[in-house]
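These are the residues of each chain, in order.
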Amino acid sequence: MTSFAPDSIVLNRKLPLWYQVSQSLRASILGRSPQDPLRLPTEEDLARHYGVSVLTMRQALKELEDEGLISRHRRRGTFIEPDARRGAPVRLLGSVDAIVAQQSGMTSELLDHGHVPVPTALTEYFPDLTEVAVYHRLRGDESTGEPTNHAVNHIRPELAARIDPADLTRRPMTKVLRDIAGADIGRITDTVEARLADPETARLLQVPLLSPILHYTGITYGSDGRVLDVAVIQYRGDRFSFTVTLDAT
């Protein structure tokens, strides 16, 4: 069977190699012709093509697999999902420090916390766990106190054991995980989509029922690839904007 042929790129050493490779492959997959084969070359062949290590190549492929663009089968190979052309979320690279800075400057009220069975929707992120620690917080504008978002974090229990709930009223969760719980954060994947406020969200954010909100999902991965935290945050549509700056160099 003929394999899919990805485009070549010149890698920028300022950015993680796995990220650049994954984005190049993603562009090739989404821009392919319908008659192009669905099977990707082997990890070794792709690594040689891009001039990176096999480990880097595996990390890039894992990103595309998590996005649903490819599927990997032992002994059979790696294949592009037939419906991959239907569109996938844009993924942008930033730093953990940038995320911490964005989370700062807010008041934070801890509404509830405890341990619960892993929610069905999150089992793929915590396959080795039966329960997670959950923190519900209502965050607001520091100057006015007006609520701007409702955040629910699902944390690995061993990390939660190192967290004092009082820390979450003063510091962003990402900073608490990294600086207090000692988490070795490898990357964070963010997805933002538009939704309508349900009754509970409308009550907490003090907005009309079915008013527009931004639904954010943030997956925090450790350097070993395990998921450390799944954050689900509902932002008021009239108090939140999403701005992206791209460096062309």
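Computed from a predicted model, the values in this text were never measured in an experiment.

Colleague: How should the confidence of the model for the chain be read in this particular structure?
Modeller: Reading fine detail from the predicted coordinates is not recommended where pLDDT is low. Per-residue pLDDT for the chain has a mean of 84; in total, 83% of the residues score no lower than 70. Looking over the chain, one finds the lowest element-wise mean pLDDT in helix α4 (residues 96-103), namely 56, and the highest in helix α5 (residues 157-160), namely 97.

Colleague: What's the story with the sheet that holds strand β8 (residues 227-236) in this structure? I'm lost.
Modeller: Within a sheet, neighbouring strands are paired by backbone hydrogen bonds and run either parallel or antiparallel to one another. Taking strand neighbours across the sheet as the criterion, the six strands line up as β3-β4-β5-β8-β7-β6 in an open arrangement whose pairing is antiparallel. The open sheet has two free edges, formed respectively by β3 (106-117) and β6 (185-196), since each of these has just one partner strand. Between one strand and the next, the sheet's axes are offset by a mean angle of 15 degrees, whatever the strand orientation. Relative to strand β4 (residues 131-141), β3 runs antiparallel, the two being bridged by eleven bridges. Bridge pairing in β4 places methionine 106 opposite aspartate 141.

Colleague: So what exactly am I meant to see when it comes to the side chain of threonine 78 here?
Modeller: Relative to the helices and strands, threonine 78 is located in strand β2 (residues 77-80). When sequence neighbours within four positions are dropped, the list of residues in contact with threonine 78 reads Leu38, Arg39, Leu40, Ile70, Ser71 and Arg72.

Colleague: Sorry if this is basic, but what is going on with the environment of alanine 47 here?
Modeller: The residue alanine 47 is located in helix α2 (residues 43-50) in this model. Through-space distance from the C-alpha of alanine 47 to that of methionine 57 is 5.7 Å; in sequence the pair is ten residues apart. Those residues within four positions of alanine 47 in sequence are excluded, and the remaining contacts are Val52, Ser53, Val54 and Met57.

Colleague: For this particular structure, what's the right way to read the nonpolar core?
Modeller: Nonpolar side chains in soluble globular proteins generally cluster together in the buried interior. Core analysis: the largest hydrophobic core is formed by 17 residues, its most contacted members being Val21, Leu25, Tyr50, Val52, Met57, Leu61 and Ile70. Taken together, the elements giving at least two residues each to this core come down to α1 (17-30), α2 and α3 (54-67). Once residues lying within four places of it in the same chain are set aside, the contact partners of leucine 61 are Leu25, Leu40, Glu43, Leu46, Ile70 and Arg72. One finds Ile155, Leu159, Ile163 and Leu168 within the second-largest nonpolar core, a separate group that totals 15 residues.

Rules and cut-offs
Residues numbered from 1 in each chain as written. Predicted model: local features only at pLDDT ≥ 70, side-chain atom pairs only at ≥ 80, totals over all residues. Heavy atoms only, no water. pLDDT = per-residue confidence, 0-100. Helix = DSSP H or I, 4+ residues; strand = E, 2+ residues; numbered from the N terminus. Pairing = 2+ DSSP bridges. Axes fitted to C-alpha atoms, helices over the stretch in contact; angles between N-to-C directions. Contact = heavy atoms within 4.5 Å. Core = buried A, V, L, I, M, F, W, Y, C linked by side-chain atoms within 4.5 Å. Buried < 20%, exposed > 50% of the residue type's maximum accessible area, 1.4 Å probe, protein only.

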